[in-house]
Amino acid sequence: MPEAGNKKQVFSGVQPTGKLHLGNYIGALSQWVENQTRYDNIFCIVDLHALTIAEAVRPALLREKTREVAALYLACGVDPEKSIVFVQSHIPAHAELTWILNCVTTVGWIERMTQYKSKAAQVESVSTGLLDYPVLQAADILLYRTDLVPVGEDQKQHIELTADIAHRFNRLFGEAFVIPQPLLRAEGARIMGFDDPMTKMSKSRGEIQKGHAIGLLDSADTIREVILGAVTDSSMETHFDHASPAVRNLLTIYEVLSGRTRLEIEAHFEGKGYNYLKREVADVVINRLAPIRNRYLEINRDRAYLECILQRGAERAWTIAESTLRHVQELVGIGPWASRKTDCPPGNIGR
Ligand code: AMP
Ligand code: TRP
C-alpha cells in the first residue's frame, strides 16, 4: 500500500450529454470506484466539451445534465471524501491551458483523431472547437499532473495524443508536465450495442435506437427487455474464445459484473442456451444498477448537498490547476509577473 502523498494521480471525466449507459459504467465509472483508495482521484464533468457541437446545445438542459452526471458519479460510488469531483467550466485554467497547448500541437496530429473524424462526418459544419476537443482534453489531464486516465478503449488515442503534446511542451519550454497513461480494463473496455455487436454502445445511438443500450437509470423491466432482445446467433457457443461477437459481449458484461472467472462462467453456461444466458446477464445488470438508481434518486432530493460537493471540489481542484498553470505561464513568459510584491502607488497611474 503506497503511503499517502505517494499515490499516483488519476483524472477522468464524462461529458454531460445524452444518457449514461452500461458501457460508460463498465469502461469508465466502475474502474474509478474500484481503484478509488489506491490512487488520488479527480473526476470531472466536462461541460466545455459538450459545447463542441453548438447546434445540439440546449443551455438549460446542459446545466441539468451536468448535475445529473455529477449525481451519477456519486451514485456509482465516487466518494467525495476520497476523490475531488468538480465541473470543468468552474475552473477557467482549463481553457487557458488549452490555448497554450494549441500552440504546441500541430493540426496534423488532431486531424488524425478517429473520434474527430467520425463526429465531423455527422455534422453539417465542423467547428474549430470540435477539432480542438482533444487539446482541451489534454489540458484537463495535464493540469493535474495526472499519471493515469481510466477510460474506455475509444479514448486511448486521445491519451496518447496528450502524452505527445506534453513531451513537445517539455522539450520546447522545460519540464512542466507529467506524461499520462491510459488505464483500460483488460475486459470490458469496449462494450458493444445489444442490437449490433459491431457497433460500440454509444450515448447518441442509445438515444435514438431502442434496444441499443441500457441507461444507468433504466428500470429493471427495461433492462430485462433490452437484454432478452439482444442479437445473438444460432451456434449455442458460450466459450469466450469461440463465441460470436454478440454472445462474447454478453459474456464479458457477465464477467465484469459477476466477478467470476472465465472457467467458472464457461462451466456455468455450458449447454444451457442463450435464453438462460440472457436471463442471467439481465440479473447481474439489474443487481448492479438498482442500488445506483436508488442512490441517485436520494442524492437528487437534496440539491444543496450536490452543489456543496461541486463547489468544494472546484476549490480543491483550483489549487492544483493554478500552480500548474502559473508554472507553465512562467516557462513560456506570460501571465502575472513572478514578483507580485511590487508596491504600486494608489490612484491614477496615467501621466
Ligand atoms: P462518452 O460516452 O464518450 O462520454 O464516454 C465516457 C467514458 O465512457 C469514456 O471513458 C469512454 O471511453 C467510456 N465509454 C464510452 N462508451 C463505452 C463503451 N461502449 N464501452 C466501454 N467504455 C465506454
Ligand atoms: N473525451 C472524453 C470522452 O468522450 C471525455 C473527457 C474529456 C475526458 N476530458 C477528459 C476523459 C479527460 C478523461 C480525461 O469520454
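Residues numbered from 1 in each chain as written. Chains lettered and ligands numbered in written order. Predicted model: local features only at pLDDT ≥ 70, side-chain atom pairs only at ≥ 80, totals over all residues. Heavy atoms only, no water.

Chemist: Which parts of the structure should I look at to understand the site of ligand 2?
Modeler: Neighbouring ligand 2 are 13 residues; His49, Tyr133, Gln137, Asp140 and Gln155 lie closest to it. Glutamine 137 is positioned with one of its side-chain polar atoms (N or O) 2.9 Å from a nitrogen atom of ligand 2. The separation between a nitrogen atom of ligand 2 and a polar side-chain atom of glutamine 155 is 3.0 Å. Taken by itself ligand 2 offers 360 Å² of open surface, and the protein chains cover 90% of this. Only β1 (9-14) and α6 (128-143) provide two or more residues apiece to the shell around ligand 2. Top element by residues in the shell around ligand 2 is α6. It accounts for four residues. Its residues placed into classes, the shell around ligand 2 shows six nonpolar, six polar and one charged. (Near = heavy atom within 4 Å. Polar contact = N/O pair within 3.5 Å; in protein donor to acceptor, adjacent residues only side chain to side chain. Areas by Shrake-Rupley, 256 points an atom, 1.4 Å probe, with all protein chains shown as cover. Helix = DSSP H or I, 4+ residues; strand = E, 2+ residues; numbered from the N terminus. Nonpolar A, V, L, I, M, F, W, Y, C, P; charged D, E, K, R; others polar.)

Chemist: Got a minute to help me understand empty space enclosed by the protein in this structure?
Modeler: The probe, sized like a water molecule, is rolled over the atoms to show the empty space still left. In this structure the tally under the stated criterion is two cavities of 30 Å³ or more. A volume near 40 Å³ is recorded for the largest cavity. Taken together, the residues of the lining of the largest cavity break down into six nonpolar, two polar and no charged. Of the pockets and cavities examined, the second largest cavity occupies roughly 30 Å³. Lining the second largest cavity are Gln115, Tyr116, Lys119, Leu130, Tyr133, Pro134 and His158. Residue assignment for the lining of the second largest cavity shows that the elements contributing at least two residues are α5 (114-122) and α6. Each residue belonging to the lining of the second largest cavity can be placed in one class, and the counts come to four nonpolar, two polar and one charged. (1 Å grid on protein atoms, 1.4 Å probe; cavity = no way out; pocket = protein on both sides within 12 Å on 5 of 7 lines; lining within 4 Å. Points joined across faces, edges and corners; volume = space filled by probe spheres on them.)

Chemist: Can you help me understand the packing of α5 against α6 in this one?
Modeler: Any two packed helices are characterised by the angle at which their axes cross and by the distance between the axes. Packing of α5 against α6 leaves a shortest axis separation of 10 Å and a crossing angle of 160 degrees. Taken together, the axis directions place α5 and α6 in an arrangement best described as roughly antiparallel. Of the two possible hands of crossing, α5 and α6 adopt the one that is right-handed. The segment α5 lies against α6, with Gln115, Tyr116, Lys119 and Ala120 engaging Leu130, Leu131 and Tyr133. The class makeup of the residues in the contact of α5 with α6 is five nonpolar, one polar and one charged. (Axes fitted to C-alpha atoms, helices over the stretch in contact; angles between N-to-C directions. Parallel < 35°, antiparallel > 145°, perpendicular 65-115°, else oblique. Left-handed = near helix turned anticlockwise from the far one by under 90°. Contact = heavy atoms within 4.5 Å.)

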